[in-house]
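Topology and contacts: notes
Each chain is listed here by its residues.
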Amino acid sequence: MSTTNIAKTLASLIAEADPVAVLTGAGMSAESGIPTFRGQHNSLWSQFDPQQLATTDAWHADKALVWGWYRWRMAMVQQAKPHAGHLALAKLAAHANIALVTQNVDDLHERAGSRVSAHVHGSLFALRCFDCAQAYAQALKPLKPHAATLRLTPPTCPHCGGDIRPGFVWFGETLPEYAWARAEAAADRCDLMLVIGTSGLVYPAAGLPAVAQQHGAKVVEINPEDTALSPHVDMHWRTTAADALPQLLKEIGG
Ligand code: OAD
């Protein structure tokens, strides 16, 4: 199918769907300069060992290394801007009832103007105490761009004196309950799910498209590469988020 026909077909699927669930992954932010986790030469897990940075054992072993790495990622996200795909997706909400579920811990959807129903893997900026779990609202000192391996001492919790940790879900941790309930509800209820920029390898989020299909929804994948989900989806659009979403918005009349 030509690109124009894919855009037209998807626009008509969206016009008939209520609600439309959108599941995004790291590829959604790639064109804003945020590296994905897998697949590309500069992907995060090709350069860094998640066992040393994204587990509670890693935190206990070397908090300064872990905190420095997340501060590096926060600074990278703060310098990034939403791209045309983020902006188009935000505008699509004027034409469709969208439930946006993201695995991304950045805030680029929000800065583009989208309302995010669920950040299923947490948020880089939702800091909390490792010990008492109280949210930490104090502003962090602005940081100049620094090396990913710079060691930094985490702030101290004003309530209990514990260490402040990133609001990111680490490997082996359960997903935030409220966010996951909203994500499951979006998959249960939707008539159409758009799956954008995820490798579909990390469960339970990777199971959401199958849940949607079990409830009768169609699933459309937007991704320049084949993924673990590709054999199961109803339609692919083999291009990037910043290419597809503005075309889709145009087709819908936005
Ligand atoms: P991955 O890094 O596993 O996959 C990124 C996907 O984005 C790949 O399928 C790429 O082909 C695709 N991609 C790359 N550039 C793109 C573009 N411009 N437009 C659209 N797609 C593009 O990222 P996720 O699937 O999000 O979890 O990873 C899932 C989870 O694994 C993450 O949330 C994180 C990670 O470990 C936790 O840390 C809990």
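What you see is a predicted model; the values in this text were computed from it and never measured. (Residues numbered from 1 in each chain as written. Predicted model: local features only at pLDDT ≥ 70, side-chain atom pairs only at ≥ 80, totals over all residues. Heavy atoms only, no water.)

Examining the site of the ligand
Stated precisely, the cut-off is as follows: The criterion for a residue being near a molecule or strand is simple. One of its heavy atoms has to lie within 4 Å of it. By the criterion applied in these results, polar contacts are pairs of N or O atoms within 3.5 Å in which, for protein atoms, one can donate a hydrogen and the other can accept it, and in which residues neighboring in sequence qualify only through two side-chain atoms. Here the Shrake-Rupley method, with its probe set to 1.4 Å, supplies the accessible areas, and only the displayed protein chains count as covering residues. Three categories are distinguished: nonpolar for Ala, Val, Leu, Ile, Met, Phe, Trp, Tyr, Cys and Pro, charged for Asp, Glu, Lys and Arg, and polar for the others, with Gly belonging to the last.
By nearness alone, 25 residues border the ligand, and Phe37, Arg38, His121, Thr198 and Ser199 come closest of all. A distance of 2.8 Å separates an oxygen atom of the ligand from a polar backbone atom of Ala26. Here Asn223 contributes a side-chain N or O atom positioned 2.8 Å from an oxygen atom of the ligand. Contact with the protein chains covers 94% of the free accessible surface of the ligand, which is 800 Å². Per-class residue counts for the shell around the ligand are ten nonpolar, twelve polar and three charged.

With respect to the packing of helix H7 (residues 84-92) against helix H11 (residues 241-252)
What counts, and what does not: For helices, the axis comes from a line fit to the C-alpha atoms of the stretch in contact; other axes are also lines fit to C-alpha atoms, and the angle between any two N-to-C directions lies between 0 and 180 degrees. Only DSSP runs of H or I covering at least 4 residues are called helices, and only runs of E covering at least 2 are called strands; the numbering of each starts at the N terminus. We call two directions roughly parallel when the angle between them is under 35 degrees, roughly antiparallel when it is over 145, roughly perpendicular when it lies between 65 and 115, and oblique otherwise. Helix crossings fall into two classes, left-handed where the near helix is turned counterclockwise from the far one by less than a right angle and right-handed where it is turned clockwise. We call two residues contacting when some pair of their heavy atoms lies within 4.5 Å.
Running from amino to carboxyl end, H7 crosses H11 at an angle of 30°, the nearest separation of the two axes being 7 Å. The pairing of H7 with H11 is recorded here as roughly parallel in orientation. Between H7 and H11 lies a crossing whose hand is left-handed. Here Ala84, Gly85, Ala88, Leu89, Lys91 and Leu92 of H7 come into contact with H11, specifically with Ala241, Ala242, Leu245, Pro246, Leu248, Leu249 and Ile252. When its residues are assigned to classes, the contact of H7 with H11 shows eleven nonpolar, one polar and one charged.

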